[in-house]
Amino acid sequence: MDIRLRNIKKTYNSKTVLQIDSLKIKKGKITGILGPNGSGKTTMMKIIGDLIKPDTGRVEYDGKGFESASDRLTYVSHNSYLFNDSVFGNIAAPLKFRDMKKEYIEKRVEELIDNFQIRYLKYENALTLSGGEKQKVALARALSFKPEVLLIDEPTSNIDPNFIKLIESALKRINNDLKTTIVIVTHNTAQSLRLCEEIIFMRDGNVIQQTLTKNIVNSNDEFIKEFIELN
Ligand SMILES: Nc1ncnc2c1ncn2[C@@H]1O[C@H](COP(=O)(O)OP(=O)(O)O)[C@@H](O)[C@H]1O
Ligand SMILES: [Mg+2]
C-alpha cells in the first residue's frame, strides 16, 4: 500500500523532533531511512505504525486511515517484545490470532524457521535467546502473516555479519515474491545501498533528501556526503 505523511509534527518537551510536511513511501518498494542518531527515524516509523500519535497531521494508507491498514501492516524493532513461549509459538502467534488452520500454521512456521535458519531454536523459550536470535525470531514472526507493509527499525543491529546477508536476502525475496512494501531504518549505508530502491535521508527531524538509491552517492549535500563516507 502507498503510505503518505501529511503535515506531521511531533514535539517532546517543547523540542520538535519530527516535522514532515509531505512524504510518500512507495508501494511495493524497499525504502531505506538513513540519518544520524536522534534525527527522528524511530519516531517517524512509530508514527507510521500508529504506535505513537503525532501532535498534528496524519498518515494515509492508500488514502485511508490507520484502521483500514492495521491488519496488513507490522512494525519490528531491535527491541521487539517476544512472548514467554517457544520460538514456534512466537512465530505462530499472529496466525493463531487470525484463526488460520492448524496445518497452514505449521507449514508457514516451518518455512520461516528454514528461511531464518533457526531450526535449532524451534522449541526453545524465546526469552532465553541471544539478542541476535531474538531479532531473527521477531522478524520471522512479523513476516508470518505475510503483511503488505513491513516497518523495520534497525533489523540487523545485533546480528552477526554472516547472518546479515541471510536477513537481507529474506527481505529481498518477500519484496520480490509478495510485493511487500518494506521500510527499513538503518545507519548502515552499505546495507541500504544493497537493499533499497529509494532512500529518505533525515536530519534534525526533517527529511532533507528523498532519492533513488543510485543517486544518493552523487548527492551535493555536504552533510549527506560525509554521512555516507563515514558509514
Ligand atoms: N519518548 C520520548 N521522550 C522525549 N524525547 C524523545 C522521546 N522519544 C524520542 N525522543 C527524542 O526525539 C529525538 C528523535 O529520536 P528518535 O526518533 O529515536 O531518533 P533516531 O531513531 O533517528 O535515533 C531524539 O532527540 C530523542 O531524544
Ligand atoms: Mg532509532
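First, a word on what this report is: a plain description of the structure on this page. These numbers come from a predicted model, not from an experiment. (Residues numbered from 1 in each chain as written. Chains lettered and ligands numbered in written order. Predicted model: local features only at pLDDT ≥ 70, side-chain atom pairs only at ≥ 80, totals over all residues.)

### A short note on the overall build of the chain
- Within the chain one finds eight helices and nine strands.
- In terms of overall dimensions, the chain is globule-like: its C-alpha atoms have a radius of gyration of 18 Å, near the 17 Å expected for 231 residues.
- Its C-alpha atoms give the chain principal-axis dimensions of roughly 50 × 40 × 35 Å.
- Of all 231 residues assigned to the chain, the portion counted as buried reaches 41%.
- Taking the contacts inside the chain whose residues are at least 6 apart along the sequence as the reference set, 68% of them involve residues at least 24 apart. (Helix = DSSP H or I, 4+ residues; strand = E, 2+ residues; numbered from the N terminus. Rg over C-alpha atoms; globule rule 2.2 N^0.38 Å. Buried ≥ 20, exposed ≤ 12 C-beta atoms within 10 Å, placed from the backbone. Contact = placed C-beta atoms within 7 Å.)

### Here we look at the packing of helix α2 (residues 87–97) against helix α3 (residues 102–115)
- Where α2 meets α3, the axes come as close as 10 Å, and the angle between the chain directions of the two elements is 130 degrees. Viewed along their axes, α2 and α3 adopt a mutual orientation that is oblique. Taken as a pair, α2 and α3 cross one another with a handedness that is right-handed. Between α2 and α3, the contacting residues are Phe 88, Ile 91, Ala 92, Leu 95 and Lys 96 on the first element and Ile 105, Arg 108, Val 109 and Leu 112 on the second. (Axes fitted to C-alpha atoms, helices over the stretch in contact; angles between N-to-C directions. Parallel < 35°, antiparallel > 145°, perpendicular 65-115°, else oblique. Left-handed = near helix turned anticlockwise from the far one by under 90°.)

### Focus on the site of ligand 1
- Every residue close to ligand 1 is listed here: Tyr 12, Val 17, Gly 35, Asn 37, Gly 38, Ser 39, Gly 40, Lys 41, Thr 42 and Thr 43.
- Examining the composition of the shell around ligand 1, we find that three residues originate from one element, helix α1 (residues 41–48), more than from any other.
- Among the residues forming the shell around ligand 1, the class breakdown is two nonpolar, seven polar and one charged. (Near = placed C-beta within 6 Å. Nonpolar A, V, L, I, M, F, W, Y, C, P; charged D, E, K, R; others polar.)

### Some remarks on unusual backbone geometry
- Backbone geometry places Asp 62, a non-glycine residue, at a positive phi of 50 degrees.
- With respect to the helices and strands, Asp 62 occurs in the loop between β4 (56–61) and β5 (73–77).
- A tally of 13 C-beta atoms within 10 Å means that Asp 62 is categorised as partly exposed.
- Residues other than glycine seldom take positive phi values, yet Lys 146 does so here, at roughly 55 degrees.
- You can call Lys 146 partly exposed: it has 14 C-beta atoms within 10 Å.

### Overview of the pairing of strand β7 (residues 181–185)
- Burial of β7 is extensive: five of the five residues sit out of reach of the surface.
- Burial along β7 is two-sided: Thr 181, Val 183 and Val 185 facing one way and Ile 182 and Ile 184 facing the other are all buried.
- Judged from the four bridges that link them, strand β3 (residues 30–34) and β7 form a sheet pairing that is parallel. Bridged to Gly 32 within β7 is Ile 184.
- Note that strand β6 (residues 149–153) and β7 share five bridges and pair parallel. When the sheet's bridge partners are listed, Leu 151 is paired in β7 with Val 183.
- Taking the sense of rotation as the criterion, the β-α-β connection linking β6, helix α5 (residues 161–178) and β7 turns out right-handed. (Pairing = 2+ DSSP bridges. Right-handed = clockwise from strand over helix to strand, strands pointing away.)

### Let's talk about the nonpolar core
- The biggest cluster of nonpolar side chains holds 59 residues, and the ones touching the most others in it are Ile 33, Ile 91, Val 137 and Ile 184.
- In terms of residue count, the dominant contributor to this core is helix α4 (residues 131–143) (six residues). (Core = buried A, V, L, I, M, F, W, Y, C linked by C-beta atoms within 7 Å.)

### Quick word on the environment of Ile 152
- On the secondary structure map, Ile 152 appears in strand β6.
- Here the alpha-carbon distance between Ile 152 and Ile 47, two residues 105 residues apart in the chain, equals 13 Å.
- Excluding residues within four positions of it along the chain, Ile 152 makes contact with Val 76, Ile 182, Ile 184 and Val 185.

### Observations concerning the sheet that holds β4
- What the three strands build is an open sheet, ordered β2-β1-β4; its pairing is antiparallel. Bordering the open sheet on either side are β2 (15–25) and β4, each of which pairs with just one other strand. On average, adjacent strands in this sheet sit at an angle of 15 degrees to one another, irrespective of strand direction.
- Across nine bridges, strand β1 (residues 3–12) lies against β2 in antiparallel orientation. Counted as the bridge partner of Ile 3 is Ile 25 from β2.

### Some points on the environment of Thr 128
- In this structure, Thr 128 sits in the loop between α3 and α4.
- Assessed through the 11 C-beta atoms surrounding it within 10 Å, Thr 128 is described here as exposed.
- For Thr 128 and Asn 84, which are 44 residues apart along the polypeptide, the C-alpha to C-alpha distance reads 9.2 Å.

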